[in-house]
Amino acid sequence: MFATTPHLRKMFPELAHDLQHRRPHINMPDGATLRMALYPSHNTRLASMAYGMRVRTRRQHYNIFSEIYFRPMAWTLSPDDSRFADAGLGESVLSSWPVVDQWLQYGDDVTSLDLRDLCRRGIPTIGHPLRGRPDEWVETFQNDTAAFLEGEIPA
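Because the structure is predicted, anything quoted here is derived from the model rather than measured.

### Points about the overall build of the protein chain
- Along the backbone of the protein chain there are four helices and nine strands.
- Its helices and strands taken in sequence order, the protein chain reads α-α-β-β-β-β-β-β-β-α-α-β-β from the N to the C terminus.
- In the form shown here, the protein chain has an accessible surface area of approximately 9,200 Å², with 52% of it arising from carbon and sulfur atoms.

This is the structure:
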């Protein structure tokens with residue numbers, strides 16, 4: 001995720017340093033959270049900072065520092081939802097995704113884990129929220145720091 005924008009390395013220098021040096025145990029920085037969902041689509045997306053707001057049908061927002069949608073999973077590094085709770089933006093699209101911050105604590109010595117034990121509430125199967133109904137969303141990003149790579153994995 002940090003490869004998508006140098007801005008993330010400035011926002012979270014300790015996290016970037018730990019990832020670069022392959023530290024065995026990494027702490028999630030304050031104000032950020034790592035989330036995961038199942039993603040069955042052949043469409044892929046690797047993107048840096050973006051923000052989307054649903055402007056039709058219902059109030060909802062999608063705020064990410066970085067995202068990876070690559071079958072079979074989707075991952076986002078996003079702001080902690082509690083920062084936006086009273087902002088009148090509606091529910092976060094990511095609120096149903098499990099928070100997996102603790103996964104950064106597992107080192108290379110861990111070779112397997114049961115997802116049912118790590119995600120007790122289950123793991124949702126999702127599509128990219130801004131791609132399903134683009135007429136309902138407004139998407140914004142910083143053009144000087146945004147990176148988007150999209151494509152399709154052949155069947």
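Back to the text.
### Comments concerning the pairing of strand 9 (residues 148–152)
- Burial analysis of strand 9 places just zero of its five residues in the buried class, a small minority of the element.
- In terms of strand pairing, strand 2 (residues 43–47) meets strand 9 through five bridges, oriented antiparallel. Bridged to alanine 47 within strand 9 is phenylalanine 148.

### A look at the sheet that holds strand 6 (residues 73–79)
- Strand order across the open sheet formed by five strands is 1-6-5-2-9, with antiparallel pairing between neighbours. Sheet topology places strand 1 (32–38) and strand 9 at the edges, where each strand pairs with a single neighbour. The average angle at which neighbouring strand axes cross in this sheet is 15 degrees, direction not considered.
- The sheet contact formed by strand 5 (residues 66–70) and strand 6 spans five bridges and is antiparallel. Within strand 6, the position partnered with tyrosine 69 by the bridge is alanine 74.

### Examining the packing of aromatic side chains
- Following the criterion strictly, the structure yields four aromatic pairs and no others.
- On the numbers, 5.3 Å between centres and 70 degrees between planes, the contact of phenylalanine 12 with phenylalanine 65 is edge-to-face. Of this pair, phenylalanine 12 sits in the loop between helix 1 (6–11) and helix 2 (13–20) while phenylalanine 65 sits in the loop between strand 4 (60–64) and strand 5, and the two are 53 residues apart along the sequence.
- Taking the relative accessible area as the measure of exposure, phenylalanine 65 reaches 7% and is therefore buried.
- For the ring pair tyrosine 69 and tryptophan 97, a centre distance of 6.2 Å and an interplane angle of 70 degrees mean the geometry is edge-to-face. With tyrosine 69 in strand 5 and tryptophan 97 in the loop between strand 7 (91–92) and helix 3 (115–118), the pair connects residues that are 28 residues apart, well separated along the chain. Here tyrosine 69 and tryptophan 97 have matching classes, each one buried.

Conventions and cut-offs
- Residues numbered from 1 in each chain as written.
- Predicted model: local features only at pLDDT ≥ 70, side-chain atom pairs only at ≥ 80, totals over all residues.
- Heavy atoms only, no water.
- Helix = DSSP H or I, 4+ residues; strand = E, 2+ residues; numbered from the N terminus.
- Areas by Shrake-Rupley, 256 points an atom, 1.4 Å probe, with all protein chains shown as cover.
- Buried < 20%, exposed > 50% of the residue type's maximum accessible area, 1.4 Å probe, protein only.
- Pairing = 2+ DSSP bridges.
- Axes fitted to C-alpha atoms, helices over the stretch in contact; angles between N-to-C directions.
- Phe/Tyr/Trp six-rings, centres within 6.5 Å; stacked < 30°, edge-to-face > 60°.

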